Amino acid sequence: MDFISTFNTSKVIFTEGAVVERLRREYRVGLNQHIVHSGLVYDQQGRLILRGIYKQYIDIVRKCNIPMMIFTPTRRSNPEQIAQAGLLRTDVNGDCARLLMDIRSEYGEYSKRIFIGGLMGCRGDAYNAEEALTSDEALFFHQEQANALADAGVDFLCGTTLPAMSEAVGLAQAMARTGKPYILSFVIRANGTLLDGNSLHETISRIDQVSSRQPLFYMTNCIHPSVLLKAIENHVNFTNIVKQRLKGIQANTSSKSPEELDGSTELESEDIVTLVNEMVYLHNNHQVKVLGGCCGTDERHIQGLVNVLT
């Protein structure tokens, strides 16, 4: 089945856990100051480590034959950052997508259940909504990367760690123009708002209203599952729109606020069993069916989810 059909018919879909934080802290890999781990595709040792992390996650989920979403290492590989990295004439996004396609090709029949998402992010600091682009600026800024990922043949596009409605609207429009299915994922507060103060309900409603093609669904990432639970149980978000459209979380292992986590030199990590159980609660009681990890997670968290839900 294609990605849209798989999403619509699956009770649960797993994603990868953390990649960047593991490269930094577990593997002590030097990352490009502009395009971060995208640069590893051009380094033999870095490429091997990157492959190993992705394959570790896939190997866990393959055993239960559940569909899986993996994301290209391209969140910061927009044209501006690529130019600053001195790679203006290099197809960074395409090369990263092809790395994941090569990995997927090693999985035989299960490869049909692995879906590759072209990952994009906001232009500025994901923890600072004041740096967000306007909708018009975002459409212009993000279109080139969206096109590059779509042209490389990814199954879907995903805008991640988005702090503000304005840039999310323009990013959605850029993604919609490619014809690919796409997803938007927000970083939010426990009170139910993005970092710019707009509620999940307001943001989802606005994007669905103005997009020529709506996102397939919405997610949150880089937040603790307890934060998402509080956010969706807040009266401003306790709506049919949020219930029907918010379907995923890539969880951070810390329940601290974005301001407390921003620039932290120590990785905050809470009990694995508690984190997994809270994600399972979201799945069972709020129909959050796309589950994976963000900062602080590793193969143990994905294994924990698989153990409980399969």
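Preceding this section is the structure that the text describes.
Quick caveat: nothing in here was measured; it's all calculated off a predicted structure. Counting restarts for each chain, with residues numbered from 1 along the sequence as it is written. Only residues with pLDDT of 70 or above have their local features reported here, since the model is predicted, and side-chain atom pairs are shown and tallied only from 80 upward, although totals for entire chains, interfaces and linings are computed over all residues. Calculated side-chain values reflect all of the structure's heavy atoms, with hydrogen atoms and water omitted.

Novice: For the environment of G293, give the residues involved together with the corresponding values.
Specialist: For G293, the location among the structural elements is in strand β8 (residues 290–293). Separated by 71 residues in sequence, G293 and C222 have C-alpha atoms that sit 8.1 Å apart. Contact definition: two residues touch when any of their heavy atoms are within 4.5 Å. When neighbours within four sequence positions are excluded, G293 is seen to be in contact with T15, E16, G17, A18, Q250, A251 and I302. Each helix corresponds to a stretch of at least 4 residues labelled H or I by DSSP, and each strand to a stretch of at least 2 residues labelled E; elements are numbered beginning at the N terminus.

Novice: Before we move on, can you summarise the packing of aromatic side chains with the specific residues and values?
Specialist: Classification of ring pairs uses Phe, Tyr and Trp, with its six-membered ring standing for Trp, and accepts pairs whose centres are within 6.5 Å; under 30 degrees between planes counts as stacked, over 60 as edge-to-face, and the remaining range as tilted. Evaluation of the coordinates by the stated rule reveals five aromatic pairs. Every member of this aromatic cluster is reached through a ring pair, and the members are F3, F71, F115 and F156. A ring is considered to have a charge above it if a Lys NZ or an Arg CZ atom is located within 6 Å of its centre and within 35 degrees of its normal. The side chain of K243 reaches across the aromatic face of F238, ending 4.3 Å from its centre. The lysine or arginine in question, K289, covers the ring of F7, its NZ or CZ lying 4.2 Å from the ring centre.

Novice: Report on the pattern of salt bridges, specifying residues and quantitative values.
Specialist: Here, a salt bridge means any side-chain nitrogen of Lys or Arg that lies within 4 Å of a carboxyl oxygen of Asp or Glu. Here the structure, examined in full by the defined rule, presents 14 salt bridges. Salt-bridge contacts for R98 lead to D91; the nearest nitrogen and oxygen are separated by 3.0 Å. Type-normalised accessible area, obtained with a 1.4 Å probe on protein chains alone, sets the label of each residue: buried when under 20%, exposed when over 50%, and partly exposed for intermediate values. Residue classification places D91 among the partly exposed positions, given a relative accessible area of 37%. Shared partners join several salt bridges into a network, and the residues in it are E21, R24 and R25.

Novice: For helix α9 (residues 225–233), give the residues involved together with the corresponding values.
Specialist: All of the buried residues along α9 are P225, S226, V227, L228, A231 and I232. Elements that come into contact with the buried residues of α9 comprise α8 (200–210), β6 (217–223), α10 (240–245), β7 (246–251) and α12 (272–286).

Novice: Account for the nonpolar core, naming residues and giving values.
Specialist: Residues L184, F186, I188 and I249 are the most contacted members of the largest nonpolar core, which totals 81 residues. Ranked by the residues each element gives to this core, the list is headed by helix α3 (residues 44–62), at eight residues. Here, nonpolar core means buried Ala, Val, Leu, Ile, Met, Phe, Trp, Tyr and Cys residues that are tied together by side-chain atoms lying within 4.5 Å of each other. Ranked by size, the runner-up nonpolar core spans 14 residues in total, among them F7, I13, F115 and F217.

Novice: Let's hear about the pairing of strand β3 (residues 114–121): which residues, and what values?
Specialist: Summarising burial for β3: eight of the eight residues are buried, a large majority. The side-chain alternation of β3 yields two buried faces, one formed by I114, I116, G118 and M120 and the other by F115, G117, L119 and G121. The pairing criterion is simple: DSSP has to find at least two bridges between the two strands. As paired elements, strand β2 (residues 68–71) and β3 share four bridges and run parallel to each other. Its bridge partner being in β3, M69 is matched across the sheet by F115. Here five bridges tie β3 to strand β4 (residues 156–162), and the two strands are oriented parallel to one another. Bridging from a neighbouring strand, G121 pairs with T160 of β4. Viewed with both strands pointing away, a crossover whose connecting path from the first strand over the helix to the second turns clockwise is right-handed. Viewed along the sheet, the connection from β3 through helix α6 (residues 135–152) into β4 turns out right-handed.

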